[in-house]
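As a plain string of letters, each chain reads:
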Amino acid sequence: MKLKGWKDVNPGAVCTEAGSALQFKTGSWRAAYRPRWIEENCIQCLFCWAYCPDMAVNVKDGKMTGFNYDYCKGCGICALECPGKKGNKAIVMEEEGK
Amino acid sequence: MARKSGRIAAVTGNEAVAEALRQVNPDVSSAYPITPATDIMQRFTSFVSNGKVKTEMILVESEHSAMSGCIGASAAGGRVMTATSSQGLALMWEELFIASGNRLPIVMSLVNRALSAPLNIHGDHSDGMGARDCGWIQLWSENAQEAYDNTIQAFRIAEHMDIRLPVMVCMDGFIISHSIERIEYMEDDAVSKFVGEYKQLNPLLDLGHPVSYGPLILPDYYMEYRKAHDDVMSKVPGIVLNTANDFEKISGRKYGLFEAYRLDDAEIGLVILNSAAGTSKDVIDSFREKGIKAGLLKPRLFRPFPYEEIGNALKNLKAVCVLDRADAFGGSYGPLFIDIASSLYPYKDKPLLVNKIYGLGGRDYMPSHAELVLNELVEVAKTGKVKMIKEYIAVRE
């Protein structure tokens, strides 16, 4: 996204466009860990989608389909809340770069 | 346009400002009482209670909340005003920056009073000077008439679509706020026509166009917003002058960025704000009668400071004394002196400058003080020598 110059910014930094947070990619830097989805352990409870403080969980037709890392800061809440299947987590946190 | 002669009244500065606010009839006011500004809002709330204005009056528990209320109401899309003094302004400190940074055209009457400690309720400019760099426009007023006129003009300046910034209108606590003077009021319809219908910009209450105020602006954009604010400040003097021209047409009273009193051919001069300028002008007259070419400059638009215009008005004098009713405890000079010195900096030939700190905490400023200073300037102009740049006057050793 091209950054605007001072002549083009809105007076008083007022946001006049709804949903403009979409343009702000919070995942441009992340804590040391990122979530990994293990589909076979997923029961589609969507707790991860509900608990994610941003919008890092992709959902299509009512089902979790993976992560959008543009909006993931690696907080780990999804992995913590994930009930998994029979004691096996569907979301695990893995070290960045692995 | 032929002007109607106004109502003549004998009123205090506070009463005059309250009357201006009644005539402007703002949408919302949020205020907390503090001496010596209390009287303005006390009178205004009785206008609200008696149905003389349509204003929604919000009574809050502190000045921090008073300014917060003004910010919310202004962002919502209303014409908003309040009044305060001294510690009240100090308690608004962080909100002052939020009002200006959000570009909200709030008008605030500041009845200048000394800051604690030691506790003092009297007239002094330390409150307004403390807020000089908070991004607000500041208009300073010599007497009740100027406070009334500046208050009305402040709404037009603040709300101008090229500006959208809050304005503080200053007058001296007690000396003006509580003294009765002759004043000429304008007709109600002339005032409401002059300020005009309030024009909204990105109002929160326009539900068809939802907006958000106060987003987090990180290093990638913060400087662009500050540069935009600085650029708006540079447009303020032009709008202030246009507003003054329109105001003169309906009131017959002329205003500029500053008042130059007998300054054109002056060799020595005083620079002084607010009520003490009145006392000084009488003394200037008596020096003129003695054949001494003395003059005076009284800033009106103090923020943004019209450096170029003021520098140009003073550059040909031989000696100038800047009188400050506040000190800047930076081990340097008074706040007005610092700006005057900056405005003269670009010129190779410029007057010798001295700085006197006077009238703190309501200490009387007497004609004899102006005489002492002017006599010193005569000596400085003659010898080309300054003995002491900064000095407190009328202080006991």
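Computed from a prediction, not measured in an experiment: that's the story for all the values here. (Residues numbered from 1 in each chain as written. Chains lettered and ligands numbered in written order. Predicted model: local features only at pLDDT ≥ 70, side-chain atom pairs only at ≥ 80, totals over all residues. Heavy atoms only, no water.)

So, the overall build of chain A
Here's step 1: For chain A, the helix and strand inventory stands at 2 helices and 4 strands.
Here's step 2: What you see in chain A, going N to C, is helices and strands ordered as β-α-β-β-α-β.
Here's step 3: Taking 2.2 N^0.38 as the reference for a compact globule, 98 residues should give roughly 13 Å; the C-alpha atoms of chain A span a radius of gyration of 17 Å, well beyond that estimate.
Here's step 4: Taken over the C-alpha atoms alone, chain A extends approximately 60 × 30 × 15 Å along its principal axes.
Here's step 5: When burial is assessed residue by residue, chain A has 31% of its 98 residues classed as buried.
Here's step 6: Across chain A, every contact between residues at least 6 apart in sequence was considered, and the portion connecting residues at least 24 apart equals 63%. (Helix = DSSP H or I, 4+ residues; strand = E, 2+ residues; numbered from the N terminus. Rg over C-alpha atoms; globule rule 2.2 N^0.38 Å. Buried < 20%, exposed > 50% of the residue type's maximum accessible area, 1.4 Å probe, protein only. Contact = heavy atoms within 4.5 Å.)

A closer look at the domain arrangement of chain B
Residues and elements named next belong to chain B.
Here's step 1: Each assigned domain of chain B is listed with its residue range as follows: domain 1 (7–188 + 214–251) and domain 2 (260–392).
Here's step 2: Carbon and sulfur atoms supply 55% of the area buried between domain 1 and domain 2, which totals about 2,100 Å² over both sides.
Here's step 3: Among the residues of domain 1 in contact with domain 2, Arg132, Trp140 and Glu142 are the three that bury the most area, contributing 30% of the side total.
Here's step 4: Inspection of the region where domain 1 meets domain 2 yields 5 salt bridges.
Here's step 5: Linking domain 1 to domain 2 there are 18 residue pairs in polar contact (both at pLDDT 80 or more). (Domains from an automatic or database assignment. Buried area = accessible area lost by both parts, 1.4 Å probe. Salt bridge = Lys/Arg side-chain N within 4 Å of Asp/Glu carboxyl O. Polar contact = N/O pair within 3.5 Å; in protein donor to acceptor, adjacent residues only side chain to side chain.)

Let's talk about the interface of chain A and chain B
Here's step 1: Listed by partner, the interface residues are 14 residues for chain A and 18 residues for chain B.
Here's step 2: Interface area for chain A against chain B, summed over the two sides, is near 1,400 Å², with a carbon-plus-sulfur share of 71%.
Here's step 3: At the junction of chain A with chain B, the criterion picks out 0 salt bridges.
Here's step 4: Where chain A touches chain B, the interface holds 2 residue pairs in polar contact (both at pLDDT 80 or more).

Observations regarding the packing of helix H7 (residues 144–159) of chain B against helix H8 (residues 188–195) of chain B
Residue and element names in this part refer to chain B.
Here's step 1: Contact geometry of H7 with H8 gives a least axis separation of 9 Å together with a crossing angle of 30 degrees. With respect to H8, the axis of H7 lies roughly parallel. Only Val191, Phe194 and Val195 of H8 make contact with H7, whose side of the interface consists of Tyr148, Ile152, Gln153, Phe155, Arg156 and Glu159.
Here's step 2: By residue class, the composition of the contact of H7 with H8 is 6 nonpolar, 1 polar and 2 charged. (Axes fitted to C-alpha atoms, helices over the stretch in contact; angles between N-to-C directions. Parallel < 35°, antiparallel > 145°, perpendicular 65-115°, else oblique. Nonpolar A, V, L, I, M, F, W, Y, C, P; charged D, E, K, R; others polar.)

Brief notes about the side chain of Gln23(B)
Here's step 1: Residue placement: Gln23(B) occurs in helix H1 (residues 13–24).
Here's step 2: Excluding residues that lie within four positions of it along the chain, Gln23(B) makes contacts with Arg7(B), Tyr148(B), Ile152(B), Met186(B), Glu187(B), Asp188(B), Val191(B) and Ser192(B).

Describing the packing of aromatic side chains
The geometry of an aromatic ring pair comes down to the distance between the two centres and the angle between the two planes.
Residue and element names in this part refer to chain B.
Here's step 1: On inspection of all chains with the given rule, the structure shows 13 aromatic pairs over all chains.
Here's step 2: Look at Trp140 and Phe302: their rings are 5.9 Å apart centre to centre, the planes differ by 70 degrees, and that puts the pair in the edge-to-face class. Here Trp140, found in strand E6 (residues 137–140), pairs with Phe302, found in strand E12 (residues 301–303); they are 162 residues apart in sequence, far enough to count as distant.
Here's step 3: A relative accessible area of 1% places Trp140 in the buried class.
Here's step 4: With a centroid separation of 4.8 Å and an interplanar angle of 55 degrees, the aromatic rings of Phe305 and Tyr307 are classed as tilted.
Here's step 5: Judged by its relative accessible area of 7%, Phe305 falls in the buried class.
Here's step 6: In this structure, Arg22 packs its charged tip against the face of Phe47, placed 6.0 Å from the ring centre. (Phe/Tyr/Trp six-rings, centres within 6.5 Å; stacked < 30°, edge-to-face > 60°. Lys NZ or Arg CZ within 6 Å of the ring centre and 35° of its normal.)

Details of the sheet that holds strand E2 (residues 28–31) of chain B
To summarise the sheet geometry, strands pair through backbone hydrogen bonds and adopt either a parallel or an antiparallel arrangement.
Residues and elements named next belong to chain B.
Here's step 1: The sheet built from 7 strands is open, its strands ordered E3-E2-E4-E5-E7-E6-E12 with mixed pairing. The sheet is open, and its two borders are formed by strand E3 (56–59) and E12, each paired with just one other strand. When strand polarity is set aside, the average angle formed by the axes of neighbouring strands in this sheet is 20 degrees.
Here's step 2: By the bridge criterion, 6 bridges tie strand E5 (residues 107–112) to strand E7 (residues 167–172) in an arrangement that is parallel. Residue pairing for E7: Met108 is matched across the bridge by Met168. (Pairing = 2+ DSSP bridges.)

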